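Spelled out, the chains give:
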Amino acid sequence: MDVAIIGIGMHPFGRTPARSGLQQGAYAARLALKDAGIEWRDIEFAFGGSASAGNADALGNELGLTGIPFINVANGCATGGSSLMTACSAIRSGAHDIGLVAGFDKHDRGAFNADPGDWGLGQWYGELGLMITTQFFAMKIQRYMHDYGISENTLARVAEKAFINGSLNPNAWRRTPVAVEDIAGAIMVNNPLTKYMFCSPSEGGVALVLCRADKAKHYCAKPVYLKSAVLKSRRYGSFEVFAPSQALQQAEGPTVDASRAAFEMAGVGPRDIDVIQLQDTESGAEVMHMAENGFCEHGEQEQLIQSGATRIGGSMPINTDGGCLANGEPIGASGLRQVYENVLQLRGEAGARQVPGNPQLGYTHVYGAPGISAVTILQR
Amino acid sequence: MSNRLPIAEGLFTWPAKKPALLGSRCDRCGIASFPAAQSCMACGSQEVTVEELPSRGTLWTWTVQQFMPKSPYNSGETPETFRPYGVGYLELPGGVRVEGRLTESDPRKLRVGMAMDVVFDTWRTEPNGDEIVSFFFQPVA
Ligand SMILES: [Zn+2]
């Protein structure tokens with residue numbers, strides 16, 4: 001049984017002091033239901049999550065208490081991907097015909113701070129100032145630049161593109177283009193990454209209505225089909241965040257594993273994909289994730305990015321909505337934002353940022369601590 | 001007289017004339033990890049042996065932390081006295097790559113592949129005068 005996405009809704013990302021995270025989730029859910037042309041009481045089940053804005057099943061208080069099974073999902077950056085994958089299984093199994101997936105969040109300003117105890121680490125690791133995700137990203141790209149000849153200018157180009165795409169997206173947080181020199185010359189956060197090369201914690205909400213593919217046309221003129229939704233965790237030897245030590249022999253990371261499994265499940269390859277959303281918690285992540293997801297060889301990113309291939313209108317448009325860099329990262333909603341964007345693109349409804357040429361296949365990828373990755377492939 | 005105490009028990013030999021980082025090595029698959037764990041992260045075996053890790057290695061990757069981290073960071077610094085610090089993974093031959101603070105924080109003096117020693121020094125001084133000792137990676141002179 002295939003699964004279709006028949007309704008999508010989003011609360012704008014950024015900062016909305018007047019609404020709680022939960023209210024932003026409810027806002028997105030109402031839009032998704034309206035988009036599918038159904039009522040909340042038509043929904044048979046729901047999965048959802050937030051990292052900092054409370055239990056997703058409290059959405060019932062906003063939308064109405066209908067007695068459906070509503071499962072709260074907490075899986076870090078892969079919360080949205082995990083909800084989606086599980087909802088997909090619920091429909092494929094035949095247990096349910098139609099359901100809702102929701103993710104929302106509202107974080108404090110500044111970098112995320114994590115407690116070592118929650119990750120099975122000693123307090124010393126945090127006391128010494130090592131429990132910081134931005135350090136990991138900086139060290140991973142630092143080594144990658146050394147190994148594959150990626151330039152600092154290319155890192156700035158990634159952020160430049162994100163803000164250009166964000167300027168075309170009414171739901172984005174950062175909608176003003178920034179000159180590449182200003183990005184490169186901005187205050188350094190973790191060498192080689194400057195302030196503009198990192199995304200910030202933010203707020204927002206996304207909801208999707210899913211149903212059995214054979215009933216999709218009943219609700220929606222342009223259903224988008226979920227060809228694969230895969231979640232993987234790290235194997236021993238992959239270079240991951242929050243690791244006091246790393247193996248001498250490196251293994252492929254969870255992104256590579258999730259990507260391969262998703263392509264296999266969908267029966268397509270990287271060259272077939274028309275629009276791509278990759279986890280870009282910082283500029284370097286987008287560069288490395290291009291190769292880890294199979295869209296190029298290691299090192300080819302330098303030429304691809306410098307030549308504009310990853311821009312809207314390029315041969316492999318990446319992060320067409322501005323990505324995490326322009327939208328910030330409300331953890332519970334971030335992965336679903338990518339799916340929302342691809343559904344818009346595949347419907348041909350992405351407005352000023354529409355990828356030309358009637359895109360048929362879209363790809364989303366999330367990566368998060370402590371080494372998890374979620375990938376989806378959508379087809380119209 | 002003040003005490004000199006390790007930042008955590010079991011991270012390195014202490015007190016010792018020449019302290020060393022302590023890792024664990026799996027008796028079954030030979031994989032080492034730091035800090036010493038009760039089971040092997042690669043195969044799950046609980047038959048592991050604690051061993052002293054080498055004191056010299058090469059810098060596998062690095063960055064400089066330019067902003068002061070939030071709690072649980074505990075260095076005794078204030079936002080006014082905070083100084084950026086280097087962080088890196090040191091590849092210890094035959095062992096693992098261990099993450100730690102660098103004694104060098106000037107990005108112009110750091111490069112992948114440079115030789116570094118594991119050194120031990122005072123990390124912070126507690127209000128009661130106790131000195132808390134930790135490990136650092138220092139460029140070989
Ligand atoms: Zn083992």
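Preceding block: the structure.
What counts, and where the lines are drawn
The residue count restarts for each chain, going from 1 along the sequence in the order it is written. For naming, the first written chain is A and the first written ligand is 1, with later ones following in the order written. Only residues with pLDDT of 70 or above have their local features reported here, since the model is predicted, and side-chain atom pairs are shown and tallied only from 80 upward, although totals for entire chains, interfaces and linings are computed over all residues. Side-chain numbers here rest on the full set of heavy atoms in the structure, without hydrogens or water. Starting at the N terminus, helices and strands are each numbered in turn, a helix being any DSSP run of H or I of at least four residues and a strand any DSSP run of E of at least two. Working definition: with a 1.4 Å probe on protein chains only, accessible area under 20% of the residue-type maximum means buried, over 50% means exposed, and in between means partly exposed. For this analysis, residues touch if any pair of their heavy atoms sits within 4.5 Å. A pair of strands is considered paired only if DSSP assigns at least 2 bridges between the two. Every axis corresponds to a line fitted to the C-alpha atoms, with the helix fit spanning only the stretch in contact, and the corresponding angles, defined between N-to-C directions, vary from 0 to 180 degrees. Helices are assigned an expected span. That span is 1.5 Å times one less than the residue count. Two parts placed together each lose some accessible area under a 1.4 Å probe, and adding up what both lose gives the buried area. By definition here, a salt bridge exists when the distance from a side-chain nitrogen of Lys or Arg to a carboxyl oxygen of Asp or Glu is within 4 Å. Two aromatic rings, drawn from Phe, Tyr or Trp (for Trp, its six-membered ring), form a pair once their centres lie within 6.5 Å of each other, and the interplanar angle then sorts them: stacked below 30 degrees, edge-to-face above 60, tilted otherwise. Note on geometry: a ring has a charge over it if NZ (lysine) or CZ (arginine) is within 6 Å of the ring centre and within 35 degrees of the ring normal. The definition of a polar contact used here is a pair of N or O atoms within 3.5 Å, where within protein one atom must be able to donate a hydrogen and the other to accept one, and adjacent residues in sequence count solely through side-chain atom pairs. By disulfide we mean two sulfur atoms from cysteines, separated by a distance within 2.5 Å.

### A short note on the overall build of chain B
In terms of regular secondary structure, chain B is built from zero helices and nine strands. For chain B, the N- to C-terminal ordering of α and β elements is β-β-β-β-β-β-β-β-β. Going through the 141 residues of chain B one by one, you find that 46% of them count as buried. In chain B, the share of contacts with a sequence separation of at least 24, taken over all contacts with a separation of at least 6, comes to 51%.

### A few points about the sheet that holds strand 3 (residues 70–72) of chain A
All names here are of chain A. Spatial strand order, 3-2-4-7-1-8-12-11-10: nine strands in an open sheet with mixed pairing. Edge positions in the open sheet fall to strand 3 and strand 10 (275–277), since each of these has one partner strand only. The average angle at which neighbouring strand axes cross in this sheet is 20 degrees, direction not considered. Pairing analysis gives three bridges linking strand 10 to strand 11 (residues 361–368), with the strands arranged parallel. Note that in strand 11 the partner of Gln 277 across the bridge is Thr 364. Helix-sheet contacts for helix 1 (residues 21–36) involve strand 1 (3–14), strand 4 (98–106) and strand 7 (203–212), and the interaxial angle to strand 1 is about 140 degrees.

### Thoughts on helix 6 (residues 152–167) of chain A
Residue and element names in this part refer to chain A. A rise of 1.5 Å per residue sets the reference length of helix 6, with its 16 residues, at 22 Å; its end C-alpha atoms lie 23 Å apart and thus fit the reference within 8%. Among the residues of helix 6, Thr 154, Leu 155, Ala 156, Val 158, Ala 159, Glu 160, Lys 161, Ala 162, Phe 163, Asn 165 and Gly 166 are the ones counted as buried. If you follow the buried residues of helix 6, they end up packed against helix 5 (133–148), helix 7 (180–184), strand 6 (193–194), helix 10 (283–292), helix 11 (301–306) and helix 12 (323–327).

### Here's the deal with the sheet that holds strand 3 (residues 32–33) of chain B
Residues and elements named next belong to chain B. The strand order across the open sheet formed by three strands is 3-2-4, and the pairing between neighbours is antiparallel. With one partner strand each, in any of the chains shown, strand 3 and strand 4 (48–52) form the two edges of the open sheet. In this structure, strand 2 (residues 22–26) lies alongside strand 3, joined through two bridges in antiparallel fashion. In the sheet register, Arg 25 faces strand 3, and the bridge partner there is Ala 32.

### Re the interface of chain B and chain A
A common way to state how big an interface is: give the accessible area lost once the parts meet. Facing the 45 residues of chain B at the interface are 36 residues of chain A. Buried surface at the junction of chain B and chain A, both sides included, amounts to about 3400 Å², of which 60% is carbon and sulfur. Where chain B meets chain A, there are one salt bridge. Between Glu127(A) and Arg124(B) there is a salt bridge whose closest N-O contact spans 2.8 Å. Taken together, the elements giving at least two residues each to the side of chain B that touches chain A come down to strand 3, strand 5 (56–65), strand 6 (85–91), strand 7 (97–102), strand 8 (115–125) and strand 9 (131–139) of chain B. Counting residues per element, the side of chain B that touches chain A draws most heavily on strand 5 of chain B, which supplies six residues. Pairing of strand 9 (residues 245–246) of chain A with strand 7 of chain B involves two bridges; the strand directions are antiparallel. Within the sheet, the bridge partner assigned to Gln246(A) lies in strand 7 of chain B and is Arg97(B).

### Quick notes on the pairing of strand 4 of chain A
Residues and elements named next belong to chain A. Buried residues dominate strand 4, accounting for eight of its nine residues. Looking at chain direction, strand 2 (residues 45–49) and strand 4 are connected through five bridges and run parallel. Opposite Gly 49, over in strand 4, you have Gly 103 as the bridge partner.

### Brief notes about the packing of aromatic side chains
One pass over the structure, following the stated rule, counts 24 aromatic pairs over all chains. When the centroid spacing of 5.2 Å and the interplanar angle of 25 degrees are considered together, the rings of Phe263(A) and Tyr363(A) count as stacked. Of this pair, Phe263(A) sits in helix 9 (residues 254–266) while Tyr363(A) is found in strand 11, placing the two residues 100 residues apart along the sequence. Ring geometry for Phe34(B) and Phe135(B): centres 5.6 Å apart, planes at 85 degrees, overall edge-to-face. Of the two residues, Phe34(B) sits in the loop between strand 3 and strand 4 while Phe135(B) sits in strand 9, which places them 101 residues apart along the sequence. Residue class for Phe34(B) comes out buried when judged on its relative accessible area of 3%. In this structure an aromatic cluster arises from ring pairing among Phe136(A), Phe137(A), Phe239(A), Tyr367(A), Trp60(B) and Tyr89(B). Just above the ring of Trp173(A) sits the side chain of Arg174(A); from NZ or CZ to the centre is 4.0 Å. The ring of Tyr196(A) has Lys195(A) lying over it, and the distance from NZ or CZ to the ring centre is 5.0 Å.

### Brief notes about the side chain of Asn327(A)
Residues and elements named next belong to chain A. Residue placement: Asn 327 occurs in helix 12. At 3.1 Å, the side chain of Asn 327 forms a polar contact with the backbone oxygen of Asp 321. Sequence-distant contacts of Asn 327, that is, excluding residues within four places in its chain, are made with Phe 13, Gly 14, Asn 169, Asn 171, Ala 172, Trp 173, Ser 202, Asp 321, Gly 322 and Arg 337.

### Things to note about helix 5 of chain A
Residue and element names in this part refer to chain A. Taking 1.5 Å of rise per residue, 16 residues should cover 22 Å, and helix 5 covers 22 Å from first to last C-alpha, within 8% of that figure. For helix 5, the full list of buried residues reads Thr 134, Gln 135, Phe 136, Phe 137, Ala 138, Met 139, Lys 140, Ile 141, Gln 142, Arg 143, Tyr 144 and Met 145. Downstream of helix 5 by one or two residues, Gly 149 has phi in the positive range, about 65 degrees.

### Brief notes about the state of the cysteines
Using the criterion set out here, one finds zero disulfides over all chains in the structure. Cysteine Cys324(A) remains unbridged, with the sulfur of Cys199(A) as its closest cysteine sulfur at 4.8 Å.

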